[in-house]
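Coordinate inspection notes
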Amino acid sequence: MKKVRMGMIGGGQGAFIGAVHRIAAFMDGEIELVCGAFSSDKTRSITSGLSLYLPESRCYGSYEEMFKAEKLLPKDERMAFVVIVTPNHLHFPIAKAAIETGFHVLSDKPATLTLSEALALKSVIEQHDCLYGLTHTYNGYPLVKQAKHLISQGNLGNIVKVVVEYSQGWLASKEDEKSKQASWRLDPKKSGASCCMGDIGVHAANLVEYVSGLHITDLCADLTSTVAGRTLDDDGTVMLKLSNGAKGVLLASQVCLGDENNLKLRIYGDKKSIEWSQLEPNTLWLKSNTETTLQIRAGVGEMCDAAQSAMRTPPGHPEGYLEAFANIYQNFVAQIRAHNEGEKSDNLTFDVPGIEAAVRGMAFIENVVSASQSETKWHAFSLNTEITPKSMEQH
Ligand SMILES: NC(=O)c1ccc[n+]([C@@H]2O[C@H](COP(=O)([O-])OP(=O)(O)OC[C@H]3O[C@@H](n4cnc5c(N)ncnc54)[C@H](O)[C@@H]3O)[C@@H](O)[C@H]2O)c1
């Protein structure tokens, strides 16, 4: 058994999530970084790669150059999969080129710039035997998996209400726009139809669907650019209808002063309810009107297999965001190993968000923006690109 070889696009010095990906990828000792195009500038890419102890020959000036050069290397030297951690507008061209060259892809979200690109990517994936994963980080938490399990086993009964919140405060003022991370997120050409919904609302929507096992079928949305001069939203509230008729509320905001990465999920059934918060990720509350509220702690007592295998330390030793990220890597690598053993990519159903989640995520963003621009109250959740918001047509 050899380590699985990873390449990275983006994630150079000064970038945010690339470094998090590397920590997560290395956590279980199964992956090695062998190459990268870490920046759009070749010199910066090389400096970043050298600081990660890569040879200069494997630090590239562009993803095109990297895929071409890696393909020419012997099979047991070239990268097996590429991680995409660039701004959103580059996700689609990079993922498409990687898959067409024969490399598996693990992309950060949102999957693409537009829904139409996500649908095009789906079609590329269907024509190639390559794996595609999307890092919806929060799926990786043990107690998120336990909550999903409890719901799938009927412990909550019929789901009647969902409330999901993701609030942050880091874009609350004009001053906050100066950071590298803010500048492209507020630019529709690089970010897409939405800032807040594309950045964090899409995580919240994915979490609802992942944990509940239900789909969003209709929505009513109200987006705001709270800070003057912004083209894109920095705050939004979305009412949801789910596939079993349950109602929900999704709140995402980047202007809530003092809020950290305040992701919270409450799902109410007609028998019991669950509550989970990223700020206290190793606790899951199970509640009802008649029984004592149960505090489920990660690793204590019986947990489902998916939750148990998402833990690395005995209970009480804090595990969090980095480990949740690492769990997505662990499952993606298991998928690659199974693929190497001869399994066809379509048959592999490991616990990794894939192209279906990618398409639904992009549809969520564009449906929400369209709904917010309309006077009609409820909008059927559409996977059709005709809902693409007017504001995106020029891009
Ligand atoms: N899953 C999560 O929890 C999570 C969290 C944060 C960010 N993200 C996503 O990760 C992506 C990156 O976000 P970030 O905050 O790290 O952004 P960032 O601006 O900090 O980093 C982007 C990196 O991409 C590089 N880059 C830009 N153009 C490039 C090109 N043509 N070739 C190679 N590299 C290029 C930049 O030099 C930089 O190193 C975004 O899509 C964002 O939505 C996901």
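Placed above this text is the structure.
Residues numbered from 1 in each chain as written. Predicted model: local features only at pLDDT ≥ 70, side-chain atom pairs only at ≥ 80, totals over all residues. Heavy atoms only, no water.

Here we come to the sheet that holds strand β2 (residues 31-37). Strand order in the open sheet made by the 5 strands is β2-β1-β3-β4-β5, with parallel pairing throughout. Each edge of the open sheet carries a strand with a single partner, namely β2 and β5 (132-134). Here the average twist between neighbouring strands, direction ignored, is 25 degrees. Note: strand β3 (residues 81-85) against strand β4 (residues 104-107), 4 bridges, orientation parallel. Within the sheet, the bridge partner assigned to F81 lies in β4 and is H104. (Pairing = 2+ DSSP bridges. Helix = DSSP H or I, 4+ residues; strand = E, 2+ residues; numbered from the N terminus. Axes fitted to C-alpha atoms, helices over the stretch in contact; angles between N-to-C directions.)

With that settled, consider the pattern of salt bridges. With the rule as written, the count across this model stands at 19 salt bridges. Where E175 meets K178, a salt bridge forms, and the shortest distance between an N and an O atom there is 2.9 Å. Looking at E175, the relative accessible area reads 53%, which means it is exposed. A residue is classified by how much of its surface remains accessible, and K178, at 65% relative accessible area, is exposed. (Salt bridge = Lys/Arg side-chain N within 4 Å of Asp/Glu carboxyl O. Buried < 20%, exposed > 50% of the residue type's maximum accessible area, 1.4 Å probe, protein only.)

On to the site of the ligand. By nearness alone, 30 residues border the ligand, and F16, I17, N88, K109 and Q181 come closest of all. Side-chain polar atom of D108 to a nitrogen atom of the ligand: 2.9 Å apart, as the coordinates give it. Contact distances for the ligand include 3.1 Å between an oxygen atom and a side-chain N or O atom of Y321. Surface burial for the ligand is 91%, taken as the share of its 850 Å² of free accessible area covered by protein chains. Structurally, the ligand is housed in the largest pocket. Of all elements in the fold, only β1 (4-10), α7 (180-185), α9 (196-212) and α11 (321-340) reach the threshold of two or more residues within the shell around the ligand. Sort the elements by how many residues they give to the shell around the ligand and α7 lands first, with 4 residues. Tallied by class, the residues present in the shell around the ligand amount to 13 nonpolar, 12 polar and 5 charged. (Near = heavy atom within 4 Å. Polar contact = N/O pair within 3.5 Å; in protein donor to acceptor, adjacent residues only side chain to side chain. Areas by Shrake-Rupley, 256 points an atom, 1.4 Å probe, with all protein chains shown as cover. 1 Å grid on protein atoms, 1.4 Å probe; cavity = no way out; pocket = protein on both sides within 12 Å on 5 of 7 lines; lining within 4 Å. Sits in = over half its atoms within 2 Å of the grid points. Nonpolar A, V, L, I, M, F, W, Y, C, P; charged D, E, K, R; others polar.)

Moving on: the sheet that holds strand β12 (residues 283-287). Read across the open sheet, the 9 strands follow the order β13-β12-β11-β10-β6-β9-β8-β7-β14; overall the sheet is mixed. Of all the strands in the sheet, the pair left with one neighbour each is β13 (294-297) and β14 (379-380). Note: strand β11 (residues 273-277) against β12, 4 bridges, orientation antiparallel. In the strand pairing of β12, W276 is matched with L284. Lying on the sheet, helix α6 (residues 142-152) is in contact with β6 (159-167), β10 (262-269), β11, β12 and β13; it crosses β12 at an angle near 25 degrees. Packed onto the sheet, helix α12 (residues 355-372) meets β7 (216-224), β8 (235-242), β9 (247-253) and β14 and runs at close to 55 degrees relative to β7. (Contact = heavy atoms within 4.5 Å.)

Let's shift gears to the packing of helix α5 (residues 115-126) against α12. Running from amino to carboxyl end, α5 crosses α12 at an angle of 165 degrees, the nearest separation of the two axes being 8 Å. Taken together, α5 and α12 sit at an angle that is classed as roughly antiparallel. Handedness of the crossing formed by α5 with α12: left-handed. Contacts between α5 and α12 involve L115, A118, L119, L121, K122 and I125 from the former and I355, E356, A358, V359, M362, A363 and E366 from the latter. Residue composition of the contact of α5 with α12, by class: 10 nonpolar, no polar and 3 charged. (Parallel < 35°, antiparallel > 145°, perpendicular 65-115°, else oblique. Left-handed = near helix turned anticlockwise from the far one by under 90°.)

Another aspect to go through is unusual backbone geometry. In this model, K109 is joined to P110 through a cis peptide bond whose omega is -15 degrees. Checked against the element boundaries, P110 lands in the loop between β4 and α5. Unlike most non-glycine residues, Y53 shows phi in positive territory, near 70 degrees. As for its position among the elements, Y53 is in the loop between α2 (42-51) and α3 (63-72). Since its relative accessible area comes to 76%, Y53 is described here as exposed.

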